[in-house]
Amino acid sequence: MSRRSRRNPVWEVRASTLARNTRNLIREIIENLDVQPNPDKQLIALSVGDPTTFGNLNPPDQVLQAVRESIEWHTSRGYGPAKGHIEARQAVAEYSAHQGHVTAEDVVLCSGCSHAIELAVSVLADSGQNVLVPRPGFMIYKTLAEGLGIDIKYYNLLSDQQWRVDLDDLENQIDDDTAAIIVINPSNPCGSVYSREHLQDILEVASRNRLPIIADEIYEHFVFSDHEFISMSALSKDVPILTCSGLTKRFLVPGWRMGWIVIHDRNNIFGKEVRKGLNNLATRILGPSTLIQRALPTILKNTPQSFFDEVVLFIENQAKLAYKELVLAPGLRPIMPQGAMYMMIEIKTNKFPEFKNELQFVERLMSEQSVFCLPGQCFEFPNYMRIVLTVPEEILREACRRIIIFCQEHVVSREKILEIDENVVVSSEAEIIRKKSLTTVT
Ligand SMILES: *Cc1c(COP(=O)(O)O)cnc(C)c1O
């Protein structure tokens, strides 16, 4: 006779709580949009934050050559230490000298910056605690934290003050369960770059409330002329900081999945525990790609400054082009970025009464003009849309042209708004009485 199981007789396999609670806001919003391009017009996607999509931006040969050479080394095929080979961590430490005093011991290599963010959030916060995230802001924080049962609380950025942090709002969000403040500078999606004074203001809030900061600086050095990039950690006197960065954006290689955390802890507030915690968490994936690790010292040392300058200049010119064009689009308010690779554009939804919200605006922009922009709701910021600036110049120009036509076709002009206002007046009680009396007279 065969044995009987004591388990539930129905064979049911459920997804875990982590899996069920892990949601990607951008994916969800886009999946629910009705985004069919106009078949008569070539699709222009200004939505994907991947500078390699159009093939117009490529890493310099020194970077490619470093990986070609790495493939020949047998150490680039084996496992490395979970937090990375010492040579690679040493190279990141030197590359990060602008952040303050950094040694190889302060560096943890990760599988891309998003993995760095995941380690940073999960080493500092427990389920039931919360982390403070900018709004509008990059939504991977929500995806990572909520799966782990960590709450997200938003603090506002001020759209008419170059996306400065609303410091009062930031401080008001802090409670006993707050585990860390996340600062994204330069910002995705805003393209803002914070001044020394403003970073100091943020540090003061953190210091006063005895909170660590997670500084997402994946766009470090990615700033336009007349702006300066200053690393948060370079200014901190006491606030412990985990700075997250990587190769992805600056070296134009998102698919290589190489990122890192740099630990800044001048006053030994993280102590041994957080460092050890990061080591522990790093072992969950047995370390990032050793093929790229082996190439890292050469990549970080040999990439010519001229390459970075050219890429940033290209994006700055794209930003100027898009801004100059889109200020002419009736009903839109583009906000000139200071760095990174995006521009936020306000959609004055009261000027487009046929659309319920900005989601419908981007849907129709797609179905009529085949231009796709990310709706602000993807960043918890309705009434805006984000465009990427890394597309080739001619494509950006064409996209702007189509956006302007679309706005001209759908905007309610000043005259029309006045007309609507008059209708409202006509339907008011006094007016109805007046009209009635007029009819009686005639
Ligand atoms: C792109 C991006 C990341 C993620 O980078 P990966 O290295 O591809 O994981 C993290 N933070 C911000 C703000 C980004 O824009």
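Criteria and cut-off values
Starting afresh in each chain, residues are numbered from 1 along the sequence in its written order. Local features in this predicted model are restricted to residues whose pLDDT is 70 or higher, and side-chain atom pairs enter the listing and the counts only when it is 80 or higher, whereas totals over whole chains, interfaces and linings include all residues. For side-chain calculations, the full set of non-hydrogen atoms in the structure is used, while hydrogens and water are omitted. UniProt positions are given in the numbering used here, feature names are shortened, and annotations may be inferred rather than shown by experiment. Definition used in this section: a nonpolar core is a set of buried Ala, Val, Leu, Ile, Met, Phe, Trp, Tyr and Cys residues joined via side-chain atoms within 4.5 Å. Here's how the labels work: a residue is buried when its accessible area is under 20% of the maximum for its type, exposed when over 50%, partly exposed in between, all with a 1.4 Å probe on protein chains only. We count a stretch as a helix when DSSP gives it H or I for four or more residues in a row; a strand needs E for two or more, and each element gets its number in order from the N terminus. Boundaries between domains were set according to an automatic or database domain assignment. Counting rule for charge: Lys and Arg are taken as positive, Asp and Glu as negative, and neither His nor the chain ends is counted. Any carboxyl oxygen of Asp or Glu that lies within 4 Å of a side-chain nitrogen of Lys or Arg is treated as forming a salt bridge with it. Any N or O atom pair separated by 3.5 Å or less is treated as a polar contact, with the protein-specific requirement of one donor-capable and one acceptor-capable atom, and with residues adjacent in sequence counted only for side-chain atom pairs. Two residues qualify as a contact provided that any one of their heavy atoms is within 4.5 Å of a heavy atom in the partner residue. The length a helix should cover is 1.5 Å for every residue beyond the first. Under the pairing criterion, centres of Phe, Tyr and Trp rings, with the six-membered ring standing for Trp, must be within 6.5 Å; the plane angle then separates stacked pairs below 30 degrees from edge-to-face pairs above 60, leaving the rest tilted. Look at NZ for Lys and CZ for Arg. If either is within 6 Å of the ring centre and within 35 degrees of the ring normal, a charge sits over the ring. Every angle, taken between N-to-C directions, lies between 0 and 180 degrees, and every axis is a line fitted to C-alpha atoms, over only the stretch in contact when it is a helix. Roughly parallel means an angle under 35 degrees; roughly antiparallel, over 145; roughly perpendicular, 65 to 115; everything else is oblique. Each crossing gets its handedness from the near helix: less than a right angle anticlockwise from the far helix is left-handed, clockwise is right-handed. Whether a residue is near a molecule or strand depends on its heavy atoms: it is near if one of them lies within 4 Å of it. Computed by Shrake-Rupley with a 1.4 Å probe, the accessible areas treat only the displayed protein chains as cover when residues are assessed. Asp, Glu, Lys and Arg are counted as charged, while Ala, Val, Leu, Ile, Met, Phe, Trp, Tyr, Cys and Pro are counted as nonpolar; the rest, among them Gly, fall into the polar class.

- Naming follows an unreviewed UniProt entry, where the chain appears as Tyrosine aminotransferase of Bombyx mandarina.
- According to the UniProt record, the Pathway (unreviewed entry) comment for the chain reads "Amino-acid degradation; L-phenylalanine degradation; acetoacetate and fumarate from L-phenylalanine: step 2/6."
- Looking at the chain in UniProt, the text filed under Sequence similarities (unreviewed entry) is "Belongs to the class-I pyridoxal-phosphate-dependent aminotransferase family."

### Overview of the nonpolar core
Line of reasoning, step 1. In this structure, Leu247, Trp260, Ile261, Phe361 and Met385 are the most contacted members of the largest nonpolar core, which totals 111 residues.
Line of reasoning, step 2. Element by element, the count of residues in this core is highest for helix 12 (residues 305-326), at 9 residues.
Line of reasoning, step 3. Two domains each put at least three residues into this core: domain 1 (24-56 + 306-411) and domain 2 (61-302).
Line of reasoning, step 4. Among the nonpolar cores identified, the runner-up in size contains 28 residues, and Tyr155, Ala215, Met232 and Ile335 belong to it.

### A look at the side chain of Arg250
Line of reasoning, step 1. As for its placement among the helices and strands, Arg250 is situated in the loop between strand 8 (241-246) and strand 9 (259-264).
Line of reasoning, step 2. One buried charged residue, Arg250, remains without a salt bridge, the closest side chain of opposite sign being Glu220 at 5.9 Å.
Line of reasoning, step 3. Side-chain polar atoms of Arg250 contact the side chain of Tyr95, separated by 2.8 Å.
Line of reasoning, step 4. Setting aside residues no more than four positions away along its own chain, Arg250 makes contact with Tyr95, Glu220, His221, Phe222, Gln305, Phe307 and Phe308.

### Regarding helix 5 (residues 113-124)
Line of reasoning, step 1. Here helix 5 spans 17 Å end to end across 12 residues, near enough to the 16 Å set by a 1.5 Å rise per residue.
Line of reasoning, step 2. Here helix 5 lies mainly inside the structure; 9 of its 12 residues are buried.
Line of reasoning, step 3. Listing the buried residues of helix 5 in full gives Cys113, His115, Ala116, Ile117, Leu119, Ala120, Val121, Val123 and Leu124.

### Some details on the packing of aromatic side chains
Line of reasoning, step 1. Per the counting criterion, the structure on display carries 14 aromatic pairs.
Line of reasoning, step 2. Taking the centre distance of 5.8 Å and the plane angle of 65° together, the rings of Trp163 and Tyr384 count as edge-to-face. Residue Trp163 is found in the loop between strand 4 (151-158) and strand 5 (164-165), and its partner Tyr384 is found in strand 14 (residues 384-388); the two are separated by 221 residues along the sequence. The pair formed by Trp163 and Tyr384 is uniform in burial state, with each residue classed as buried.
Line of reasoning, step 3. Between the NZ or CZ atom of Arg250 and the centre of the ring of Phe308, over which it lies, the distance is 3.6 Å.
Line of reasoning, step 4. The cationic tip of Arg294 hangs over the ring face of Trp73; the distance from NZ or CZ to the ring centre is 3.4 Å.

### Quick word on the environment of Val123
Line of reasoning, step 1. For Val123, the position within the fold is in helix 5.
Line of reasoning, step 2. Note: C-alpha distance between Val123 and Leu332 (209 residues apart in sequence) is 42 Å.
Line of reasoning, step 3. Leave out the neighbours within four places in its chain, and Val123 touches Leu242, Val274, Gly277, Leu278 and Leu281.

### Observations regarding the packing of helix 5 against helix 10 (residues 271-282)
Line of reasoning, step 1. At a minimum axis distance of 10 Å, the contact between helix 5 and helix 10 shows a crossing angle of 130°. Put simply, helix 5 runs oblique to helix 10. Two packed elements cross with a definite hand, and for helix 5 against helix 10 that hand is right-handed. On helix 10, the residues touching Leu119, Ser122, Val123 and Leu124 of helix 5 are Val274, Gly277, Leu278, Leu281 and Ala282.

### Let's talk about the UniProt feature "domain: Aminotransferase class I/classII large" (unreviewed entry) in the chain
Line of reasoning, step 1. UniProt's feature table lists "domain: Aminotransferase class I/classII large" (unreviewed entry) at residues 42-403, given in the numbering used throughout.
Line of reasoning, step 2. What you have in residues 42-403 is 37% helix and 18% strand, and the ends, taken at the C-alpha atoms, are 14 Å apart.

### Brief notes about the site of the ligand
Line of reasoning, step 1. Inspection of the region around the ligand gives 13 residues, with Cys113, Ser114, Tyr219, Thr248 and Lys249 positioned closest.
Line of reasoning, step 2. In the environment of the ligand, an oxygen atom lies 2.7 Å from a nitrogen or oxygen atom belonging to the side chain of Tyr219.
Line of reasoning, step 3. Contacts to the ligand include Lys249, whose side-chain N or O atom sits 3.0 Å from an oxygen atom.
Line of reasoning, step 4. Relative to its unbound accessible surface of 390 Å², the ligand loses 93% to contact with the protein.
Line of reasoning, step 5. Looking at which element gives the most residues to the shell around the ligand, the answer is helix 5, with 3 residues.
Line of reasoning, step 6. Here the shell around the ligand is built from residues that sort into 6 nonpolar, 4 polar and 3 charged.

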